[in-house]
Structure formats: structure tokens, C-alpha cells
Amino acid sequence: MSSSSELGAEAAGVLPVVAPQLRDLRRRAALTLEAAARAAGLSPAHLSRLETGQRQPSLPTLLALARVYSTTVSELLGETVPDRDAIVRAADMEPTGAGGWTYWQAGASGRGMQALRVHVPHGSQGDIVRVHPGEEWLYVLTGRLRLRLGDAAHRLGPGDSAHFDSLTPHRIAAQDPGGVDLLFVHTLLQSPTAALCLGPVTGDTP
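Calculation rules
- Residues numbered from 1 in each chain as written.
- Predicted model: local features only at pLDDT ≥ 70, side-chain atom pairs only at ≥ 80, totals over all residues.
- Heavy atoms only, no water.
- Buried < 20%, exposed > 50% of the residue type's maximum accessible area, 1.4 Å probe, protein only.
- Helix = DSSP H or I, 4+ residues; strand = E, 2+ residues; numbered from the N terminus.
- Pairing = 2+ DSSP bridges.
- Axes fitted to C-alpha atoms, helices over the stretch in contact; angles between N-to-C directions.
- Contact = heavy atoms within 4.5 Å.
- Core = buried A, V, L, I, M, F, W, Y, C linked by side-chain atoms within 4.5 Å.

*Asks:* Quick one: what's the story with helix 2 (residues 33-40), residue by residue and with numbers?
*Replies:* An α-helical segment advances 3.6 residues per turn. Residues three or four places apart therefore align on the same side. Burial analysis of helix 2 places six of its eight residues in the buried class, the great majority of the element. Residues of helix 2 that are buried: Leu33, Ala35, Ala36, Ala37, Ala39 and Ala40. At the C-terminal side of helix 2, Gly41 shows a positive phi close to 75 degrees.

As C-alpha cells, then:
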């Protein structure tokens, strides 16, 4: 696993690419800054800072924006994705850091779902509640996970999984100091116009 300093440097190197990508994808989806921010659970000011490269996006933020723009985290980061293939080899899964999290793309682009292998460090993003359209499925590989779904709190260990409607307010956090490793699958919004139907949600803090 990369050190926190290595991840910080890696994420910083991504910023010049991700900022224009975020802006271009929002415009391609024909969404205003306000509509895109509302759908992703962000403030317009925070999304504006991400689009201008003034702030570093966390992995949960990238996931939320990928849903809104019906794309993948890889495309948001400007990564060159190979032609769609049914097989993803371990050697081709390059780790990427964002907001302290580490993830590996475990599926091809252009699908209705996005599959990731994710490492969530202890103390990261545990206080952020998320609400968005779609479904999520996660499977704990190592460590222990704290998962809150609505008013219910759950503790998941290796081999445990969860499958839930993403409109249920939810948050995840690593219970152990060593963090938790997950397989994570989520659906992408099938139409960017769905974002226009969303009301206020609990969002990311700048």
C-alpha cells in the first residue's frame, strides 16, 4: 500500500487533468454548476473550486460526480481506458489515491455499473452522509467496516456484504486503525437529466 505522502503527491499530480475534465463532462451533460453540485451533494462553490483546480477531490466526491455524469472515475481523471473487455487483469489495475482513499479500477468503462477495489483508511470520510440515485453493493475483503444506512448502524467483517438503495442516507468508515479493503460496485445514472429532479441532499464539506 502506498504511503500517505505518496498518495498526496499522486493526487496532486492528477489535479491539472481532473479540473478541466470535470468542467467538460458537466457541460457535455448540459448541467449548470448548481444542478450538478446539487445532484452530487456538493455546494456550487466547492464544485467550482474543483473545476478550477483549487481543491483536491476525494474519492467519494469523484464517485458522486461519476454517477451524475454517467461516466467512470477513470474518465474523470483523464485516464486512457483500453477498449471494453470482459477481463481485467491484476497487473493492469493501477492504484490511484484521492482524498486519502486508494482505489483500483476493477471493471471496464462504458457499462451501467462501476466496479472498484477500494482501501478506506481509518478516520477518513466517516462523518459524511451521502444520498444519491442508484444502487450500491460492497464486500469486505479485510478489516472491519462501520456502515450506517438511515438510522441503522452495522458492523461488517471480512466476507460480509451489503446491497442497498443509494437514496437511503449512508456513510461508511473503517473501524480498525489499519483501514478496510472493499470490493465496491455502484450503478451510474443512466441519464444526466435525472440529476435535475433531485432535491437538496446532505453534501460534502469544502
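After presenting the structure, the write-up continues.
*Asks:* Residues and numbers for the sheet that holds strand 8 (residues 170-174), please.
*Replies:* The three strands are arranged 6-5-8 in an open sheet whose pairing can be described as antiparallel. Of all strands in the sheet, those with a lone pairing partner are strand 6 (152-156) and strand 8, marking the two edges. Taking each pair of neighbouring strands and ignoring which way they run, the sheet shows an average axis angle of 20 degrees.

*Asks:* Explain unusual backbone geometry to me, using residue names and the numbers behind them.
*Replies:* At Ala30, a position not held by glycine, the phi torsion is positive, near 60 degrees. One can find Ala30 in the loop between helix 1 (4-28) and helix 2.

*Asks:* I'd like a description of the environment of Leu183, backed by residues and values.
*Replies:* Within the secondary structure layout, Leu183 lies in strand 9 (residues 180-187). Considering only alpha carbons, one finds Leu183 and Leu138, 45 residues apart in sequence, at a separation of 5.5 Å. Apart from the residues lying within four places of it in its own chain, the contact partners of Leu183 are Leu116, Arg117, Trp137, Leu138, Tyr139 and Leu141.

*Asks:* Hey, could you go over the nonpolar core for me, with residue numbers and the actual values?
*Replies:* Among the nonpolar cores identified, the biggest contains 44 residues, and Leu47, Leu65, Tyr69 and Leu145 are the most heavily contacted of them. At seven residues, the largest contribution of residues to this core is made by helix 4 (residues 59-68). Here Leu65 is in contact with Leu22, Ala40, Leu42, Leu47, Leu50 and Leu76, once residues within four sequence places are set aside.

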